[in-house]
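Remarks on the overall topology
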Amino acid sequence: MSESGGKPAERKGAARRKAALDPRLAEYRGVWVFVERDEQGVHPVSWELLGAARALADQLGSEVGAVVAGGAEESLESHCRDAVAYGADRVYQTVHPVLAGYRNEPYAKLLCELVKKHKPEILLLGATSLGRDLASSVATTLETGLTADCTELAIDRESRALAATRPTFGGNLLCTILTLNYRPQMATVRPRVLPQPKKDHGRSGQIQKEEIDLSEEEMVTKLLEFLPHAGGDRLDLSLAEVIVAGGKGLQRAANFSLLEELARALGGEVGATRAAVQAGWVDVQRQIGQTGKTVRPKLYIAAGISGEIQHRVGMEGSDLIVAINTDPNAPIFEVAHYGIVGDALILLPLLTRMVRGQAVATKTSGLEVCSSS
Amino acid sequence: MNERFDAIVVGAGPAGTATALTLARGGWKVLQIERGEYPGSKNVQGAILYADSLQKLIPNFREEAPLERHLVEQRVWVLDDRSYIGSTYRSPVSSDAEPDRYTILRAQFDKWFAKKAQEEGVLLICETTVLDLLREGERVVGVRTDREQGEVYADVVILADGVNSVLARKAGIRPELKAGEVALGVKELLFYSQESLEDRFGIQGDEGVAIEMVGKITRGMVGTAFLYTNKESLAVGIGCLLSDFRKEKVPPYVLLARLKEHPALRPLLRDGEMKEYTAHLIPEGGYKAIPKLSGDGWLIVGDAGMFVNSVHREGSNLAMETGRIAAETVIELKQAGEPFTERNLRRYRQRLDQSFVMKDLRKYQHVHEVLDQNRHFLTTYPELVNRAAETLLRVDGVDKRAKEKEVTRSFRKHRSYRGLFSDAVKLWRAFR
Amino acid sequence: MRGPNIVVCVKQVPDSAQIRVHPVTGTIMRQGVPAVLNPYDLFALEEALQIKDRLGGRIVALCMGPPQAEAALRKALSLGVDDAVLVSDRAFAGSDTLATSFALASAIRQVGQEQPVDLVFTGKQTIDGDTGQVGPGVAKRLGMQLLSYVCRIPILDMDSQSIVVHRWTEKGVQVLKSKLPCLITVLEGTSEGRFASLPEMIRAARQPIRVWNRQAAGIEDLSKIGLKGSPTVVGKVFAPSRRAERAECIEWEQDQAEKAVSLLWEKIRARQPELVEKLSGDNGGENGQERVSE
Ligand SMILES: Cc1cc2nc3c(=O)[nH]c(=O)nc-3n(C[C@H](O)[C@H](O)[C@H](O)COP(=O)(O)OP(=O)(O)OC[C@H]3O[C@@H](n4cnc5c(N)ncnc54)[C@H](O)[C@@H]3O)c2cc1C
Ligand SMILES: Cc1cc2nc3c(=O)[nH]c(=O)nc-3n(C[C@H](O)[C@H](O)[C@H](O)COP(=O)(O)OP(=O)(O)OC[C@H]3O[C@@H](n4cnc5c(N)ncnc54)[C@H](O)[C@@H]3O)c2cc1C
Ligand SMILES: Nc1ncnc2c1ncn2[C@@H]1O[C@H](COP(=O)(O)O)[C@@H](O)[C@H]1O
């Protein structure tokens, strides 16, 4: 992203600044994903990235590579196989005790060495605390371009470059960023922005062991301990299948219980807008949107949410969006599939009862369905 | 705090900054204290800037001040519920005369103006609120702020803290605001592309238009409305006496929403993106509301001193003028080695009396009373004149003489001849 | 024992809450958008100030930006920072995060010439660039240990030059022990900000801010900064597309809310049958438990 403090619109012309790719860079081939994992498993964003990498590689006519690294052999094996099932053609597997538990120094060293050795054209990481930390260090060491927090990845036909699209200016605009004369082209993508690809156990791919020269003595930073977040905070909205989210329209903290009840009835989680979080009605962990989480549940119910762009970018990918708002012109109706114009405080409890299968008149005659599309 | 200043100026609006700048130029060590995040961050104005008072301070301001548009056209509209009748004065600025009225955005303008004062050596601190005046006996010797170790001393304190001037009220310098002496102005900023504004108003380059409105839009309350063109936005607002808002129980935003829906305005405002809704008080008490302006160790300038000419909607220029004159007064005293006693500082008022500030305010001192006591000026007349125009302009087979008679009859029906005559006299007196 | 010499990187950013996009052309309307000190950098400043409160030492605020960015540094000064450096040069225009980190790293080396730098703090990210890449980039360029997303610094011992931090991750907190010098990116919400005293405000208003051009910041190589030093190129800027169709709205009369809701529920069931199937099993028991809303 441009650091110029911002005249992207005026820099449009810069993309035309095209020189022939340095021949040394032209040998860079393949789309790589760094697979983020820990003892418990792989972060789903890595599989989402493999799905995207597959599509990009097919377009470029090249391979998908996956980097899987860790401190002990056993758990890595299954992760490597999974990587293949999700679309990797080749998995670079590195095992070293120093790699147990993430630390910037050894992981950055590993990834830089692998890139220098195998020269991938594109390198993708999740925009997580780990991915962002690692990607920035690697991009700086390799002195190449890195585009953070992308929402869309494509190939620019003209230049064969990665066209990475990301929100900018507080989410009001999107910009597409290219890295023309540097390789690899790097990007991080937020979890749940891309769809999870289908796992195909029939796929074949190669798992390739990679050595690395590391020694614990040389590591300046030591990992002393890992303190998991307290039980209640384990909530991971980005994985919820159903989210019932509320905003300022719910008017007060107490009314969030209406969401909780519906969420409970639907087996889902409660989400919120930043406005609701800032009002102190709900924990920041539940914030959805540009500065909160990105979610793509099967069902997203937005109650009393205006649907400002910063909120929308966090939930637009949901399969089915239902909006309840008193204002028929609220922008949320532009992303929702179904909408009801009305008071959420009245409608939510009714819906909860409905879901719980309680008898509410099932007769629907006399109701008109307007479809303005 | 041990450090002493020659002067402390409270507030960084046009009044405070004009004062601080003038003092600093006179070689004074000035501390200016502003409560907002930056000068102008909280300030609300239409806003039209009248060049004269600024020009006296910064002659080349046109080259660097953040000005929006210079006015080439001024419209006055009298509205009834669906139509308006009005006058337009348009005069392209000739090449030899420089424009004298500009639209500005206060957030930008105040920041720039304060920067000019800082360049002269004024020490400005923001995000700091002055809570009290410090006194030794009767004499004001400094201020207390809301920060730790927040007391600071100076030879003279200038209150430029705006219409509310909590400070002056707390110190008993100024009486409480009377609801009949202040108007509540609400304003919205609507954004457009430059081209679309130019099309709508028939202007180009930096040209701008101002529309002042009176009539039924204020629902019989004493007040006016306005629409000003900025570079990429329109400022639309309405203000009425606070006492009227209270009496009528109409929320100001409702009044503004209705104004925007008026058939005369709606097409001009369509497709705008609303960005900013603000409300602010305007001192409208005029000449009679002006409080005591100075005392032992203190002076009061700008809105804090109720210096607003509500008939011409001039405020920021009076703020700068009073600020400059206050500063010049104390500079002179100091040069003459005279202390800032209540008696000596009376010279400030004397100088003001000689300036256009007091002369204008004196001239209009009765306007509000007259309007207040004759509400039909604001309701009946707008309707009558609009209907008269309608009658006269419509070509419908009725002969013109009959039409004229019809108009006269309609005026007579609502107002006796004597009434009409006395209205004319009252208005003439008020504006004389 | 000397107190640590700390550099805090702060950026001036447009208050993105106030940025508008032109409804028709989709271009950015920046007119009148105030510039603020990047809110995340306030947390970085506060962390540094707390260390100074405990251990003494010196804090230099460093900002790369246009001359107006001085305001951000002044704010930093008023909070208690000792010195402020604005790195400002036309040659920096168009820098992306890689080029920015080069320039900042270079300037930090210059600060180090006056007195070795023990700690560098940056915010988690900016609200305009939003990348969080500059901090880690600066660390790499300076060869410092990178400690990102730090939410607590329980130990900083100048004698042994060691530091222990809590690093936030999605699943928990890593407790990391490292050596100075290191670069820390500070997570938001780590602490309350502070309110400077009046004398501090006055000192800040008075204190000159050092402005360094490219040369003063120790930058010889023009190819590493500005557009030239920026691998990323902004190709296209556009407004997010809105979905073509609006929601299908369920119309209802005043007192027929129940009908409307049941119609809605039917539609949801039709679209997401699996989801609803899954529910029907585990729901029965809860009936009647609900609270009635006010
Ligand atoms: C840099 C930046 C980052 C941001 N990041 C995020 C982010 O991550 N997530 C986020 O959510 N926001 C974010 N925002 C804020 C965002 O711009 C909006 O301000 C916010 O999403 C609005 O929240 P809201 O819909 O709850 O409130 P509002 O916009 O106030 O909307 C309330 C809605 O409720 C409706 N309503 C009122 N009463 C009722 C009722 N009884 N029943 C039904 N409907 C009712 C109203 O019609 C209205 O549409 C960010 C902003 C900026 C500038
Ligand atoms: C809707 C509206 C439209 C207007 N239109 C026009 C127009 O078109 N043309 C025109 O000339 N005038 C207009 N005015 C009037 C004009 O805005 C004022 O007359 C002018 O701003 C007065 O300047 P001032 O410096 O006295 O006060 P202000 O501009 O109010 O400045 C006072 C400053 O003091 C600060 N402050 C207050 N209390 C404290 C404290 N305790 N400690 C520290 N700081 C403090 C405030 O934050 C503020 O910055 C309009 C006013 C309104 C409300
Ligand atoms: N121009 C700059 N000047 C000073 N510090 C900066 C600058 N740009 C970024 N930073 C620092 O780097 C952090 C991350 O920025 P970013 O990578 O833009 O999200 C910010 O919180 C700042 O501390």
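Going by what an unreviewed UniProt entry lists, chain B is known as Electron transfer flavoprotein-ubiquinone oxidoreductase and is assigned to Methylacidimicrobium tartarophylax. According to the UniProt record, the Cofactor (unreviewed entry) comment for chain B is "FAD". In UniProt, chain B has this text filed under Sequence similarities (unreviewed entry): "Belongs to the ETF-QO/FixC family."

Going by what an unreviewed UniProt entry lists, chain A is known as Caffeyl-CoA reductase-Etf complex subunit CarE and is assigned to Methylacidimicrobium tartarophylax. A UniProt comment under Sequence similarities (unreviewed entry) is attached to chain A, and it reads "Belongs to the ETF alpha-subunit/FixB family."

Thoughts on the overall build of chain B
If you tally the helices and strands in chain B, you get 16 helices and 17 strands. Seen along its three principal axes, the alpha-carbon backbone of chain B occupies a region of about 85 × 50 × 40 Å. Looking at chain B as a whole, 54% of its 432 residues qualify as buried. Long-range contacts, defined here as pairs at least 24 residues apart, represent 71% of the contacts in chain B between residues at least 6 apart. By element, 49% of the accessible surface of chain B is carried by carbon and sulfur atoms, the whole surface being about 18,900 Å². Once the 65 positive and 62 negative side-chain charges of chain B are each reduced to a mean point, those two points are 7 Å apart.

Observations regarding the domain arrangement of chain A
How big an interface is tends to be expressed through the accessible area that disappears when the partners come together. Residue and element names in this part refer to chain A. Here chain A is described as being made up of domain 1 (22–218) and domain 2 (235–372). Across the boundary between the two partners, domain 1 contributes ten residues, which contact eleven residues of domain 2. Roughly 960 Å² is buried in total at the junction of domain 1 and domain 2, and carbon and sulfur atoms are behind 45% of that figure. Across the domain 1-domain 2 interface, the total number found is zero salt bridges.

Concerning a negative patch on the surface
All names here are of chain A. Taken together, the side chains of Glu 113, Asp 213, Glu 217 and Glu 218 present a region of like negative charge at the surface. Among the secondary structure elements, Glu 218 is positioned in the loop between strand 12 (206–209) and strand 13 (222–228). Look at Glu 218 and you get exposed, because its relative accessible area is 56%.

Topic: helix 14 (residues 380–393) of chain B
Taking 1.5 Å per residue, 14 residues should reach 20 Å; helix 14 of chain B reaches 20 Å between its end C-alpha atoms and fits that length. Within the span of helix 14 of chain B, buried status applies to Tyr 381, Pro 382, Leu 384, Asn 386, Ala 388 and Ala 389 of chain B.

Describing the pattern of salt bridges
Residue and element names in this part refer to chain C. The final tally for this structure, using the stated rule, is 69 salt bridges over all chains. Between Asp 83 and Arg 58 there is a salt bridge whose closest N-O contact spans 3.7 Å. Separated by 25 residues along the polypeptide, Asp 83 in strand 7 (residues 83–87) and Arg 58 in strand 6 (residues 58–64) bring together distant segments of the chain. The shortest N-O distance in the salt bridge between Arg 58 and Glu 114 comes to 3.4 Å.

With respect to the pairing of strand 13 (residues 223–229) of chain B
The side chains of a regular strand alternate, residue by residue, between the two faces of the sheet. Residue and element names in this part refer to chain B. Within strand 13, six of the seven residues are buried, which leaves the element mostly enclosed by the surrounding structure. The pairing of strand 12 (residues 207–215) with strand 13 spans four bridges and is antiparallel. Within strand 13, the residue paired with Met 213 across the bridge is Ala 225. Relative to strand 14 (residues 233–241), strand 13 runs antiparallel, the two being bridged by seven bridges. Looking at the pairing, Leu 227 lines up with Val 236 of strand 14.

Regarding the site of ligand 2
Residue and element names in this part refer to chain B. With respect to spatial proximity, 36 residues lie near ligand 2, and among them Glu 34, Ile 48, Arg 106, Asp 303 and Ser 316 are the closest. In the environment of ligand 2, an oxygen atom lies 3.2 Å from a nitrogen or oxygen atom belonging to the backbone of Pro 14. The protein chains hide 96% of the 1,000 Å² of surface that ligand 2 would expose on its own. For the shell around ligand 2, the secondary structure elements donating two or more residues are helix 1 (14–25), strand 3 (48–50), strand 15 (273–283) and helix 10 (316–335). Its residues assigned to classes, the shell around ligand 2 comprises 16 nonpolar, 13 polar and seven charged. Residue assignment places the shell around ligand 2 across two domains, with domain 1 (4–66 + 105–175 + 291–354) and domain 2 (180–283) each supplying three or more.

Considerations on the sheet that holds strand 13 (residues 210–212) of chain C
With mixed pairing, the ten strands of this open sheet are ordered in space as 13(A)-11(C)-10(C)-9(C)-12(C)-8(C)-1(C)-6(C)-7(C)-13(C). Here the strands that pair on one side only, and so sit at the sheet edges, are strand 13 of chain A together with strand 13 of chain C. Taking each pair of neighbouring strands and ignoring which way they run, the sheet shows an average axis angle of 30 degrees. Alignment of strand 1 (residues 5–9) of chain C against strand 8 (residues 119–123) of chain C, held across three bridges, turns out to be parallel. Along strand 8 of chain C, the bridge assignment pairs Val 8 of chain C with Phe 121 of chain C. Each of strand 1, strand 6, strand 7, strand 8 and strand 13 of chain C touches helix 3 (residues 97–114) of chain C; the most contacted strand, strand 6 of chain C, lies at about 150 degrees to it.

Some details on the packing of helix 1 (residues 39–55) of chain C against helix 2 (residues 70–79) of chain C
All names here are of chain C. Where helix 1 contacts helix 2, the axes come no closer than 11 Å and their chain directions differ by 30 degrees. Taken as axis vectors, helix 1 and helix 2 run roughly parallel relative to one another. As for the relative orientation of helix 1 and helix 2, their crossing is right-handed in sense. Across from Leu 42, Leu 45 and Leu 49 in helix 1, the residues of helix 2 making contact are Lys 75, Ala 76 and Leu 79. In the contact of helix 1 with helix 2, the residues fall into five nonpolar, no polar and one charged.

A closer look at the sheet that holds strand 5 (residues 90–95) of chain A
Residues and elements named next belong to chain A. Here seven strands make up an open sheet; going across it, the order is 7-11-6-1-4-5-12 and the pairing parallel. At either margin of the open sheet sits one strand with a lone partner, and together these are strand 7 (146–150) and strand 12. Across the sheet, the axes of successive neighbouring strands diverge by a mean angle of 20 degrees, strand direction being ignored. As paired elements, strand 1 (residues 31–34) and strand 6 (residues 122–126) share three bridges and run parallel to each other. Its bridge partner being in strand 6, Val 33 is matched across the sheet by Leu 124. Its contacts with the sheet place helix 3 (residues 73–85) against strand 4 (64–70), strand 5 and strand 12, and it is angled at close to 165 degrees to strand 5.

Scoring rules and cut-offs
- Residues numbered from 1 in each chain as written.
- Chains lettered and ligands numbered in written order.
- Predicted model: local features only at pLDDT ≥ 70, side-chain atom pairs only at ≥ 80, totals over all residues.
- Heavy atoms only, no water.
- UniProt positions renumbered as here; feature names shortened; annotations may be inferred.
- Helix = DSSP H or I, 4+ residues; strand = E, 2+ residues; numbered from the N terminus.
- Buried < 20%, exposed > 50% of the residue type's maximum accessible area, 1.4 Å probe, protein only.
- Contact = heavy atoms within 4.5 Å.
- Areas by Shrake-Rupley, 256 points an atom, 1.4 Å probe, with all protein chains shown as cover.
- Lys, Arg positive; Asp, Glu negative; His and termini not counted.
- Charge placed at Lys NZ, Arg CZ, Asp CG, Glu CD.
- Domains from an automatic or database assignment.
- Buried area = accessible area lost by both parts, 1.4 Å probe.
- Salt bridge = Lys/Arg side-chain N within 4 Å of Asp/Glu carboxyl O.
- Patch = residues over 30% accessible without salt bridge, like charges linked within 9 Å, V, L, I, M, F, W, Y side chains within 5 Å.
- Expected span 1.5 Å × (residues − 1).
- Pairing = 2+ DSSP bridges.
- Near = heavy atom within 4 Å.
- Polar contact = N/O pair within 3.5 Å; in protein donor to acceptor, adjacent residues only side chain to side chain.
- Nonpolar A, V, L, I, M, F, W, Y, C, P; charged D, E, K, R; others polar.
- Axes fitted to C-alpha atoms, helices over the stretch in contact; angles between N-to-C directions.
- Parallel < 35°, antiparallel > 145°, perpendicular 65-115°, else oblique.
- Left-handed = near helix turned anticlockwise from the far one by under 90°.

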